[in-house]
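Okay, here's what each chain looks like letter by letter:
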Amino acid sequence: MKTDRKCDWLDDPQNIRKVRMIFYMLLALTVLPDFFLHKHTLFYHVEAWPGFYAAGGFLSCAVIIVVSKLLGFLLKRKEDYYD
Amino acid sequence: MTEWLPPALVFFIGALFLPLIPGKARKVAIVAVPALCFWLITALEPGSGWHYQLLGRELTLLRVDRLSKAFGYVFTINAFAAFLFAAHLRSWHQHVAAMFYIGASLGAVFAGDLISLYLFWEVMAVASTFLILARRSEKAYRAGFRYVMVHLFGGLCFLAGILLHIHSTGAVGFEAFADRSLPAYLILLGFLINAAAPPFSAWLSDAYPEATVTGGIILTAYTTKTAVYTLIRGFPGWEILLVVGCVMALYGIVYAILENDMRRILAYSIINQVGFMLCGVGIGTTLALNGAVAHAFCHIIYKALLWMSAGAVLYMTGKSKCTDLGGLYKTMPFTLIFGCIGALAISSFPGFSGYTSKPMIIEAGVHEGLYWVWLVLEIASAGVFLHAGIKFPYFVFFAKDKGLRPGEAPLHMQVAMFFMAFLCLLLGFYPQPLYAILPFPVHFEAYTFEHTLNQLQLLLFSALAFFLFLPMLKRTATISLDTDWFYRKGGRLFYRWTDRVFNGLNNQADKIFMRRLPDLATRFFRSPGVHLQKLILVPYYRLQGLGTVALRQEMERIERRATEGSYPVGVGVLLAVLFLAAMSLLFFMG
C-alpha cells in the first residue's frame, strides 16, 4: 500500500519495442508447427491449412472491430444523453 | 442428509442475525455463513426433502441432484470470496441484502417445484435491487428502479406461465418441459429475461455498473447463472436457445467494444459469456449440458475476479471510465496480475479455467454437426479476448498514464482476488475435481496438442488485431444506445405523445361540451318558439325559392309574432285538429 513504490518499466519506448518483438516471435512460433503437423478437420478441408486458426482469429477480430466502429456512429451518444 | 437445513435458510437466518452481531465478529460471520453452507452442500445426498403445503399443493424446498449441487458449490464459493472482498464495509445493510440475494438464488437452485422457485425468484429480484440502491447516487436510484421493473415484468411472465402450466397439466414439479406450448414459452421468456437475452438484456448493462463496488461483484454471479441453471433444468435441447445464445455471444462483444465504463465492459461480457452457456443448453447433449454447467462454474469465478479487480480500481481511484483511467500498473501491480488472470481465464487461454470448460460446449456443437454454431462461437471466442481479455486490462492498467497513483488495494481485497485467481489457475491445469461434480460422466480432454495450438493461434492473432486496430478502438467519453432506450427515452416520448393526444382531446371536449354547447343551448332556449320555427321554416322557404330579402321579411315576421304572441287563430286551430286526427287514426288502427 505504499504509494511511492512504482514500476515505470513500460515508459521506456525501447522496452515496448522489446515486448513487441517477443510478441511477434510468439505469433510465428504458434503458426510454425502447422506446416509439419497433420491437422484434423471438423467441417471443411480448409481448416487443415497452416495458420487457419490464426487467420480466423485475426479476421474475426478485424471484422468485429470494423462492424462495431460503424455501429458506433449509429449508437454512440454523449454521456448526458439520458439526463 | 436432506433433513439438514436447506442452504437458502442458512443464508436467510444469517441475514436476520447479522445486524445484531457487533463489528469485528460480523466480519467473521459474513465469511463463515458461505463456508458453512458450502460444507452443508457437500454433505447433501441426492433426493428431496423439506416438503411443505402451500395453495393446497405439496411443494419441495430441497431437491438435491448433481446439477443443483454443482451450482450450489460455486454459489457458495463465490459468496465466500465476495464477502471477504467486502469485509471493509462498516454498515450491515449491503451484507444483509447480499445474504438474502444469495440465499434466494440457492433456494431457487434447490427448489423442487415451480412455486417455490417463483418465490425465491422474486426475493432475488428485490434483494438484489438494494445492492444497486446502496450506491446512494441519483443515477443508481434510477437504474435500480428500472432494474426492478424489468425483473418484476419477467417475474410476471414466469408466474403467468406457471399458472397456465399448473392449470393444463396439474403438475407443480420443476422438470424439463416436454411440450412446446404457451405456458412453457411464457416460463422460458421469464427465464430468458433473467439470463439477459436481448432484447431484454439492457437491465444488466444498465444497472450492474451503477451498483456499489462490492455489490457489483455479488450481482454478476447469481441472477444470470440462476437463469442458466433453470434453462438447463427446464429447456435442454430447445433449438431456439441456440439462436438466442449465438446472438448474445456476438451482441455482448460489440457493445463491450463500444463501451467506455470498465464495469460496463465487464457487464456486456457477462451477456457474451451467458450466450455460450445458452448455446450449450440449446445443443442439449450430455456433453453440451456438462459444458454449460462447467462454463457457468468457471465463469462465476473468473467474472467475479474481473469485477473484483475493477472494483479495487474503482475503490482506490473513484473512477470507472477508461477515458479517466490508465497507467495503473505502476501502483497497483497485484490488482493488475489478478485482473489479467481473470482476463485470460474468460478468454479461455490454455492454462486458465475458461479453457477447460468452454471448448466442451463448442465440441458438443461439432458432434451434432452444427456448423453455424461452431463458426459463431469461434468468432465470439476471438472477440472475447479482444474486449475482455485485452481491452479491459489495457485501458485500465496500461494505455495512457493519467497520472493516477492510487496505491494497491486493501489486503482483504487482495486475498479475495488471490483466492479466485488461484481457483482460475487450478481449474485450468487440473479440472478433474470440477469434471467430477458435473451432472453427467465426462469424456473430454481439452489439452490435446492440436487443440491447444489452434486456441493459441486464435487468441494471439486476436491480440495482434487489437494492437493493429488500436486507433479505431480509442476510448471516447460516450455511452451507447441499447434496448433500454425504449423505456428510458421511449418512455418519455410515449409520455409526451399521450400527453399531447389525450390532453388535446380533453381540451377539445372541454371547449365543445363545456362552453360551445351550453352557449348554444342558452341562446336557443331564450326564445325556443322563434328558433324552432326558424329551424323548420327557413329550409322550407328556401325550397320554395324565396329571395334573401323576402326571407329576411319572413324572419322578422316570425320574430314579431313570437314577441307579441300574435299568432293567427286559424292556423292554431287547424294544427290542433290535424294533431287530434292523427292521434285518433293511430288509436283506431292500433
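Concerning the packing of aromatic side chains
Phase 1: For the structure shown, the criterion picks out 51 aromatic pairs over all chains.
Phase 2: Ring centres of Phe-23 of chain A and Tyr-24 of chain A lie 6.2 Å apart, and the angle between their planes is 40°; this geometry places the pair in the tilted category.
Phase 3: A connected cluster of aromatic rings, assembled from ring pairs, spans Tyr-118, Trp-121, Phe-158, Phe-174, Phe-177, Tyr-185, Phe-191, Phe-235 and Trp-238 of chain B.
Phase 4: When the ring centre of Tyr-82 of chain A is taken as origin, the NZ or CZ atom of Arg-488 of chain B, which lies over that ring, is 3.7 Å away.

Points about the side chain of Thr-214 of chain B
Residue and element names in this part refer to chain B.
Phase 1: Tracing the sequence through the fold places Thr-214 in helix 9 (residues 213-234).
Phase 2: Within the structure, the side chain of Thr-214 is placed 3.3 Å from the side chain of Gln-94, a separation counted as a polar contact.
Phase 3: Look past the residues within four positions of Thr-214 in its chain and what remains in contact with it is Phe-85, Ala-86, His-88, Leu-89 and Gln-94.

A few points about empty space enclosed by the protein
All names here are of chain B.
Phase 1: Per the counting criterion, the structure on display carries 3 cavities of 30 Å³ or more.
Phase 2: Taken as a whole, the largest cavity spans an internal volume of roughly 50 Å³.
Phase 3: In this structure, the largest cavity is lined by Pro-6, Pro-7, Ala-8, Leu-9, Leu-61, Leu-106, Gly-107, Phe-110 and Phe-120.
Phase 4: A class-by-class count of the residues in the lining of the largest cavity yields 8 nonpolar, 1 polar and no charged.
Phase 5: Its volume calculated, the second largest cavity comes out at about 50 Å³.
Phase 6: Around the second largest cavity sit Trp-121, Met-124, Ala-125, Ser-128, Tyr-147, His-151, Asn-194 and Thr-223, which together line it.
Phase 7: Here the lining of the second largest cavity takes 4 residues from helix 5 (residues 114-133), the largest share from any one element.
Phase 8: The residue inventory of the lining of the second largest cavity, partitioned by class, reads 4 nonpolar, 4 polar and no charged.

Focus: the confidence of the model for chain A
Phase 1: Scored by pLDDT, chain A has a mean of 88; 93% of the residues are at 70 or more.
Phase 2: Considering each helix and strand of chain A separately, the mean pLDDT is smallest for strand 1 (residues 76-78) of chain A, with a value of 91, and largest for helix 2 (residues 52-75) of chain A, with 95.

Regarding the packing of helix 3 (residues 66-85) of chain B against helix 16 (residues 411-429) of chain B
Residue and element names in this part refer to chain B.
Phase 1: It is at 7 Å that the axes of helix 3 and helix 16 come closest, and there the two elements cross at 155°. Our classification of the angle between helix 3 and helix 16 gives roughly antiparallel. When you trace helix 3 past helix 16, the crossing you get is left-handed. Together, Ile-77, Asn-78, Phe-80, Ala-81, Leu-84 and Phe-85 of helix 3 and His-412, Met-413, Val-415, Ala-416, Met-417, Phe-419, Met-420 and Leu-423 of helix 16 make up the contact between the two elements.

Some details on the nonpolar core
Residues and elements named next belong to chain B.
Phase 1: Of all hydrophobic cores here, the largest spans 211 residues; its most connected members are Phe-71, Leu-231 and Phe-235.
Phase 2: The element contributing the most residues to this core is helix 12 (residues 286-317), with 21 residues.
Phase 3: Excluding anything up to four places from it in sequence, Leu-231 contacts Leu-188, Phe-191, Leu-192, Ala-195, Pro-236, Leu-241, Leu-278 and Val-281.

Section: the pattern of salt bridges
Phase 1: Counting across every chain of the model gives 16 salt bridges over all chains.
Phase 2: A salt bridge links Lys-330 of chain B to Asp-11 of chain A, with the shortest nitrogen-to-oxygen separation between them at 2.7 Å. Taken as a pair, Lys-330 of chain B in the loop between helix 12 and helix 13 (333-346) and Asp-11 of chain A in the segment before helix 1 (13-31) lie in two separate chains rather than in one.
Phase 3: Judged by its relative accessible area of 47%, Asp-11 of chain A falls in the partly exposed class.
Phase 4: Across the salt bridge formed by Lys-330 of chain B and Asp-401 of chain B, the nearest N and O atoms sit 2.6 Å from each other. Of this pair, Lys-330 of chain B sits in the loop between helix 12 and helix 13 while Asp-401 of chain B sits in the loop between helix 15 (371-397) and helix 16, placing them 71 residues apart in sequence.
Phase 5: A relative accessible area of 4% places Lys-330 of chain B in the buried class.
Phase 6: What makes Asp-401 of chain B partly exposed here is its relative accessible area of 29%.

Analysis parameters
- Residues numbered from 1 in each chain as written.
- Chains lettered and ligands numbered in written order.
- Predicted model: local features only at pLDDT ≥ 70, side-chain atom pairs only at ≥ 80, totals over all residues.
- Heavy atoms only, no water.
- Phe/Tyr/Trp six-rings, centres within 6.5 Å; stacked < 30°, edge-to-face > 60°.
- Lys NZ or Arg CZ within 6 Å of the ring centre and 35° of its normal.
- Helix = DSSP H or I, 4+ residues; strand = E, 2+ residues; numbered from the N terminus.
- Polar contact = N/O pair within 3.5 Å; in protein donor to acceptor, adjacent residues only side chain to side chain.
- Contact = heavy atoms within 4.5 Å.
- 1 Å grid on protein atoms, 1.4 Å probe; cavity = no way out; pocket = protein on both sides within 12 Å on 5 of 7 lines; lining within 4 Å.
- Points joined across faces, edges and corners; volume = space filled by probe spheres on them.
- Nonpolar A, V, L, I, M, F, W, Y, C, P; charged D, E, K, R; others polar.
- pLDDT = per-residue confidence, 0-100.
- Axes fitted to C-alpha atoms, helices over the stretch in contact; angles between N-to-C directions.
- Parallel < 35°, antiparallel > 145°, perpendicular 65-115°, else oblique.
- Left-handed = near helix turned anticlockwise from the far one by under 90°.
- Core = buried A, V, L, I, M, F, W, Y, C linked by side-chain atoms within 4.5 Å.
- Buried < 20%, exposed > 50% of the residue type's maximum accessible area, 1.4 Å probe, protein only.
- Salt bridge = Lys/Arg side-chain N within 4 Å of Asp/Glu carboxyl O.

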